[in-house]
Amino acid sequence: AYRQYATFAMNMWANQQYRVHALPEDQQRLLPRALKRDSAEFHARAKNWKEAVIRNQFLLDCILRHAGVPHSQQITTATAFVTDGQVSKVSSVLKSIARDWSNDATERNMAYAPLIEQVKRFIPQPQKSQRGPRPRICVPGAGVSRLAFDLAGLGYCVQGNEFSLHMLLASDFILNGGILNAEQPLSISPWLLESRNVHGPNDPCRQVYVPDIDPYSILSDVEEGEESIQFSMAAGEFLSIYSHPKEAGKWDAVVCCFFLDACPNVIEVIRLVHHMLRPGGVFINFGPLLYHWSGPAMRPDDKDFESYQSRFSFLDKRYMTSIDLCYEDIREIILNVGFEFVEEKTAMKCLYTADRRSMMNMVYHSVHFVAKKLQTSCNGE
């Protein structure tokens with residue numbers, strides 16, 4: 001999907017032109033000059049699109065080169081093409097990189113800043129010269145890792161967790177590639193493949209520069225008398241990795257941003273967070289309840305639950321087992337598992353990888369809470 005991004009992007013451009021130029025002649029006469037193939041304005045617009053495709057593909061190729069796998073310049077022909085869904089995931093990676101690592105911190109200030117502030121409030125911040133164990137923080141659903149990185153930069157021992165290989169590849173390159181820095185950033189056009197609710201012709205092609213800091217130098221440069229940054233990434237499913245007995249009671253905080261609803265069964269997530277935390281440890285959450293695995297609805301002609309499941313047997317079974325609970329119910333479950341709420345806010349407005357030039361944006365009214373693990377609980381932990 002990384003390798004084939006440019007091919008799909010150029011085909012998207014071609015498809016748009018086919019549709020426009022298939023219009024009847026009387027309608028084509030009404031078009032702006034920039035939509036007429038024989039005009040200089042059209043060629044300028046086409047050039048801007050192609051340059052944006054090249055920018056994005058160059059970053060993706062850098063990521064692949066860092067991972068030690070062939071990039072688009074090494075495999076120039078394809079015997080098979082990835083799905084549209086896979087290309088959409090690559091587009092999401094580009095948007096996430098812009099969200100996490102550009103100098104536009106708008107969305108980070110909305111979501112990450114409240115989380116970081118609560119971590120500092122409830123988990124004593126270590127001194128850079130502190131020797132020995134530091135407070136341990138897990139960040140599940142780390143994406144391209146800016147939140148986890150910023151927490152590690154404050155002196156905590158942080159482990160990010162991510163399941164998506166698309167995100168992991170990008171995260172590894174940004175953190176460990178050693179070629180990206182704020183003085184010589186790369187430019188990308190993260191919203192290039194958006195064709196709806198576009199305000200102006202140049203909006204999809206506009207550039208964002210990444211990164212705004214040099215994460216590799218920050219991770220590797222340690223001054224005399226200072227302890228190195230304690231930061232790691234764990235690749236795999238959150239439930240699989242942290243349900244191991246060795247993880248029980250080993251964490252001081254679990255910090256979730258747009259993650260609570262990312263697993264099919266939110267109850268399993270809450271219980272696992274409780275399992276991971278030491279007594280008095282904190283569960284800090286920010287996000288909505290989008291429910292990534294929310295499945296299709298039953299129809300009146302589904303005879304029973306078994307026939308409903310049979311009708312959608314082609315879907316990943318997680319779509320058929322997801323439970324979409326309201327926040328009030330989740331709140332009670334958190335209490336029943338063995339937490340107490342010490343901070344709670346609702347309706348906190350937040351964007352997520354939004355193109356603020358777009359004519360439509362999703363504004364989430366997120367829940368932000370801090371829940372402390374009780375010394376004893378109904379789980380007996």
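If you're wondering where the values come from, they're calculated on a predicted model, not measured in any experiment.

Rules used throughout
Residues numbered from 1 in each chain as written. Predicted model: local features only at pLDDT ≥ 70, side-chain atom pairs only at ≥ 80, totals over all residues. Heavy atoms only, no water. Pairing = 2+ DSSP bridges. Helix = DSSP H or I, 4+ residues; strand = E, 2+ residues; numbered from the N terminus. Axes fitted to C-alpha atoms, helices over the stretch in contact; angles between N-to-C directions. Phe/Tyr/Trp six-rings, centres within 6.5 Å; stacked < 30°, edge-to-face > 60°. Contact = heavy atoms within 4.5 Å.

**Overview of the sheet that holds strand β7 (residues 277–287)**
Read from one edge of the open sheet, seven strands run β5-β2-β1-β6-β7-β9-β8, paired in mixed fashion. Lying at the two open borders of the sheet, with one neighbouring strand each, are β5 (231–235) and β8 (339–350). Between one strand axis and the next, the sheet turns through 15° on average, direction left out of account. Taken together, the five bridges between strand β1 (residues 136–140) and strand β2 (residues 157–162) define a ladder with parallel strand orientation.

**Section: the packing of aromatic side chains**
The tally for this structure, following the rule as stated, stands at 19 aromatic pairs. On the basis of an interplanar angle of 90° and a centroid distance of 5.3 Å, the ring pair of Phe258 and Tyr364 is categorised as edge-to-face. In this pair, Phe258 is assigned in the loop between β6 (251–257) and α10 (266–276) and Tyr364 in strand β9 (residues 364–373), connecting sequence segments 106 residues apart. Aromatic ring contacts, followed pair by pair, group Phe283, Tyr327, Phe339, Phe341 and Phe369 into a single cluster.

**Some remarks on the environment of Tyr352**
Residue position: Tyr352 is located in the loop between β8 and β9. Between the C-alpha atom of Tyr352 and that of Phe314, which follows or precedes it by 38 residues, the distance is 30 Å. With sequence-adjacent residues up to four places away left out, Tyr352 is seen in contact with Arg99, Glu107, Phe258 and Tyr364.

By themselves, these are just geometric observations and shouldn't be taken as functional.
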